[in-house]
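# Fold and geometry: a report
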Amino acid sequence: MKRPAPPYVVRPPTAVLTRGFDPRLSVGSARPAVFRSSTYVFTSPESAARAFDIALGKARPARDESVDLIYSRLTHPNADILEDQIVPLEKGAAAAAVFNSGMAAISTMFLTLCAPGQHIVHTTPLYGGTQHLIHTILEPFGMKATAVRAGDGAALDAAIAGTKNLRVVMIETPANPTLVMTDIARAVEAARRHPDAPLVVVDNTFLGPTFQHPLALGADLALYSATKYLAGNSDMLAGVALARDPDLVTALRGTRAVLGNILQPDECWMLASRLPTVTLRMNRQSKNAQRIAEALTRHPAVERVIYPSLFGDAEQARIRDAQCDYPGAVISLELRGGRAAAFSFLRSLRIVRDAVSLGGVESLACHPRTTTHSELSDEELDHAGVGESLVRLSVGIEDWRDLLADVREALDTIAAEPRPVGRP
Ligand SMILES: Cc1ncc(COP(=O)(O)O)c(C=O)c1O
């Protein structure tokens, strides 16, 4: 007798390979096929009307109802498969929506949740693109934003309590590129005390889905640049939003259908094929990074190694221990010698490449102040601690000894360079 398909609960590494996909719908293909159609043939005019009613939120699908597909801007089979498969990777998630970049996920979230006149409280620094979105699109539309320095729990509590008409508390933790951590559970508590019941949204790109679980800590939404660890090969752009409340995801999908920023079928297929290995890759990357970070602390060219396992601040260490399983694979280095030393370091690397982005299997390095965060004003950069001498390393899956040798040699080069008199 044929054994039933797994209705029983399996663990995430099994779920990601067994749910969301029925080979019978793909001529028996053992792995998902790509469905590139822009439009779908209805089973009947009545089914078409029903599918539109459900898509527009006028009706809810019955349990196990098979609803006709409509048009790929709304959803398509590869998005459905990917969204089903990614849910078990995020502790506490009930539903997911996929977008054609991390910025698409973030902007769709703000445009869904906030209206003109309403307020956002956010940590700073945020990824430069997110901060740019707030200043150049959301604020001119009439939304208001208050920035709070990452890691300052008391200031975040006060900003949440003191802000009227508050809709979103947006936290990026660890912050890009300073790795300062913000206490998610504390922000959730502060949001719950607020009469407007603002939603807590966490950009989980740096440590999720493997090492940090914002929904399990009470946050409402976890957002990703899936371009980074989830895709893991620096060969595609994607974004994901995951929530405990499926209705929140339905609302995001509604905005996505209007904006037309759903992830395309080929990209969904690629990203789905990367999900089963994300935990393997992140574990290896984090181990590599920890070995490298801890070996660099006493190098004469380095003022400070910024890495979670090396946090000196007691409150930062407490937050790390409370909400992160492992330190992750981004290291920031404050070098001696300002911008000149940072640029010289980047020029001297031979294995690690000078490029923005992170989370890929290959190691990359960049100078955030003049690249990823160049949209921020000098005041914002100084306030957030993104200095001239800061370089960000994204550690890949190469042999850590080769990476350490490469980084050490580049540091040796700048340590040997003469510095202008009077400059640190
Ligand atoms: C923390 C963080 N959030 C969001 C984004 C934006 O993602 P994407 O480039 O996929 O639009 C980035 C990109 O670097 C990021 O680092």
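So, here's what we can say about the structure. (Residues numbered from 1 in each chain as written. Predicted model: local features only at pLDDT ≥ 70, side-chain atom pairs only at ≥ 80, totals over all residues. Heavy atoms only, no water.)

## Brief notes about the packing of helix H3 (residues 77–86) against helix H9 (residues 265–274)
Going by this rule: A fitted line through C-alpha atoms represents every axis, and for helices the fit uses only the stretch in contact; the resulting angles, taken between N-to-C directions, go from 0 to 180 degrees. Think of it this way: any DSSP run of H or I at least four residues long counts as a helix, any run of E at least two long counts as a strand, and we number them from the N terminus. In what follows, roughly perpendicular refers to angles from 65 to 115 degrees, roughly parallel to angles under 35, roughly antiparallel to angles over 145, and oblique to any angle outside these ranges. Should the near helix be turned counterclockwise from the far one by less than a right angle, the crossing is left-handed, whereas a clockwise turn marks it as right-handed. Throughout, a residue-residue contact means that at least one pair of heavy atoms, one from each residue, lies within 4.5 Å. When residue character is reported, Ala, Val, Leu, Ile, Met, Phe, Trp, Tyr, Cys and Pro are called nonpolar, Asp, Glu, Lys and Arg charged, and the others, Gly included, polar.
It is the contact of H3 with H9, at a shortest axis distance of 8 Å, that shows an interaxial angle of 25 degrees. The angle between H3 and H9 places the two elements in the roughly parallel class. The element H3 and its partner H9 pack so that their crossing is left-handed. Within the contact between the two elements, H3 uses Asn-78, Ala-79, Leu-82 and Gln-85 and H9 uses Pro-265, Cys-268, Trp-269, Leu-271 and Ala-272. Residue composition of the contact of H3 with H9, by class: seven nonpolar, two polar and no charged.

## Observations regarding the pairing of strand S3 (residues 144–149)
Condition: A pair of strands is considered paired only if DSSP assigns at least 2 bridges between the two.
Bridge count for strand S2 (residues 119–124) against S3 is six bridges, and the pairing is parallel. When the bridges of S3 are listed, His-119 appears paired with Lys-144.

## Some thoughts on the packing of aromatic side chains
Our working rule: Aromatic rings from Phe, Tyr and Trp, taking only the six-membered ring of Trp, are treated as a pair when their centres fall within 6.5 Å; an angle between ring planes under 30 degrees marks them as stacked, one over 60 as edge-to-face, and anything in between as tilted. Two conditions define a charge sitting above a ring: the NZ of Lys or the CZ of Arg must be within 6 Å of the ring centre, and it must be within 35 degrees of the ring normal.
Tallying each qualifying case throughout the model produces one aromatic pair. The aromatic ring of Phe-99 is capped on one face by Arg-256, whose charged end is 5.9 Å from the ring centroid.

## Quick word on the sheet that holds strand S8 (residues 302–306)
Strand pairing in a sheet is mediated by backbone hydrogen bonds. Such pairs are either parallel or antiparallel. Spatial strand order, S8-S9-S12-S11-S10: five strands in an open sheet with mixed pairing. The open sheet has two edge strands, S8 and strand S10 (353–354), and neither has a second partner. Direction of pairing for S10 relative to strand S11 (residues 364–366): parallel, over a ladder of two bridges. What sits directly across from Asp-354, in S11, is Ala-365.

## Topic: helix H5 (residues 128–138)
The line we're drawing: Accessible area is worked out with a 1.4 Å probe on protein chains only. A residue is then buried under 20% of its type maximum, exposed over 50%, and partly exposed in between.
For H5, the complete set of buried residues consists of Gly-128, Gly-129, Thr-130, Gln-131, Leu-133, Ile-134 and Leu-138. Against the buried residues of H5 lie helix H4 (102–113), S2, S3, strand S4 (166–172) and helix H13 (378–384).

## Things to note about the sheet that holds strand S1 (residues 95–99)
In space, the seven strands of this open sheet follow the order S1-S7-S6-S5-S4-S2-S3, with mixed pairing throughout. Edge positions in the sheet fall to S1 and S3, since each of these pairs with one other strand and no more. Averaged over all pairs of adjacent strands, the angle between strand axes in this sheet comes to 20 degrees, irrespective of strand direction. As paired elements, strand S5 (residues 199–203) and strand S6 (residues 221–225) share three bridges and run parallel to each other. Bridge pairing in S6 places Asp-203 opposite Leu-223. The strands touched by H4 are S1, S2, S4, S5, S6 and strand S7 (239–243); relative to S6, the strand with the most contacts, the crossing angle is about 145 degrees.

## Some thoughts on the environment of Tyr-307
Here is the rule we go by: Polar contact is defined as a pair of N or O atoms within 3.5 Å, subject to the rule that within protein one atom must be able to donate a hydrogen and the other to accept it, and that residues adjacent in sequence are counted only when both atoms are side-chain atoms.
Structurally, Tyr-307 can be placed in the loop between S8 and helix H11 (314–323). According to the relative accessible area criterion, Tyr-307 is buried, its value standing at 0%. Sequence-wise, Tyr-307 and Val-361 are 54 residues apart; in three dimensions their C-alpha atoms are separated by 19 Å. Apart from the residues lying within four places of it in its own chain, the contact partners of Tyr-307 are Leu-179, Ser-286, Ala-289, Gln-290, Ala-293, Pro-327, Gly-328, Val-330 and Ile-331. Polar contacts involving the side chain of Tyr-307 include one to the main-chain carbonyl oxygen of Gly-328, which spans 2.5 Å.

## Digging into the pairing of S4
Two faces make up the sheet, and in a regular strand the side chains alternate between them. To keep things clear, this is the line we draw: Consider the strands pointing away from the viewer: the crossover is right-handed when the path from the first strand over the helix to the second runs clockwise.
With six of seven residues buried, S4 lies mostly within the body of the structure. Sheet topology note: the S2/S4 ladder contains four bridges and is parallel. Across the sheet, the residue bridging to His-119 is Leu-166, located in S4. In this fold, S4 hands off to helix H7 (residues 184–193), which returns the chain to S5; that crossover is right-handed.

## Describing the nonpolar core
Formally: In plain words, nonpolar cores are sets of buried Ala, Val, Leu, Ile, Met, Phe, Trp, Tyr and Cys residues tied together by side-chain atoms within 4.5 Å. Domain extents, as shown, originate in an automatic or database domain assignment.
With 73 residues, the main nonpolar core has Ile-331, Leu-335 and Phe-345 as its most contacted residues. No other element matches the six residues that helix H14 (residues 400–416) contributes to this core. Both domains that furnish three or more residues to this core are identified here as domain 1 (12–277) and domain 2 (278–416). Once residues lying within four places of it in the same chain are set aside, the contact partners of Ile-331 are Leu-179, Ala-289, Ile-292, Ala-293, Val-305, Ile-306, Tyr-307, Val-391, Arg-392, Leu-393 and Val-395. One finds Met-109, Leu-133, Leu-138 and Ala-243 within the second-largest nonpolar core, a separate group that totals 27 residues.

## Observations regarding the environment of Pro-195
Note on placement: Pro-195 falls in the loop between H7 and S5. Counting along the chain gives 119 residues from Pro-195 to His-76, while the straight-line C-alpha distance between them is 38 Å.

## Focus: empty space enclosed by the protein
Quick reminder of the rule: Cavities and pockets were defined on a 1 Å grid built over protein atoms only: a cavity is a set of grid points that admits a 1.4 Å probe from which the probe cannot escape, a pocket is an open set flanked by protein on both sides within 12 Å along at least five of seven lines, and lining residues are those with an atom within 4 Å of any such point. Grid points are joined across faces, edges and corners, and a volume is the space filled by probe spheres set on the points.
Going through the model one piece at a time under the given rule, you end up with four cavities of 30 Å³ or more. The wall of the largest cavity is formed by Thr-123, Arg-149, Ala-150, Gly-151, Asp-152, Gly-153, Leu-156, Met-181, Thr-182, Asp-183 and Ile-319. Taken together, the residues that form the lining of the largest cavity break down as four nonpolar, four polar and three charged.

## Here's the deal with the site of the ligand
Quick reminder of the rule: Residues are counted as near a molecule or strand when any one of their heavy atoms sits within 4 Å of it. Accessibility throughout is a Shrake-Rupley quantity obtained with a 1.4 Å probe, and a residue counts as covered only by protein chains that appear here.
Around the ligand there are 13 residues in total, and Met-103, Asp-203, Ser-225, Thr-227 and Lys-228 lie nearest to it. For the ligand, an oxygen atom lies 2.8 Å from a polar atom in the side chain of Ser-225. Side-chain polar atom of Lys-228 to an oxygen atom of the ligand: 2.8 Å apart, as the coordinates give it. Protein burial of the ligand: of its 390 Å² of free accessible surface, 92% is covered by the chains. Grouping the amino acids of the shell around the ligand by side-chain chemistry returns four nonpolar, six polar and three charged.

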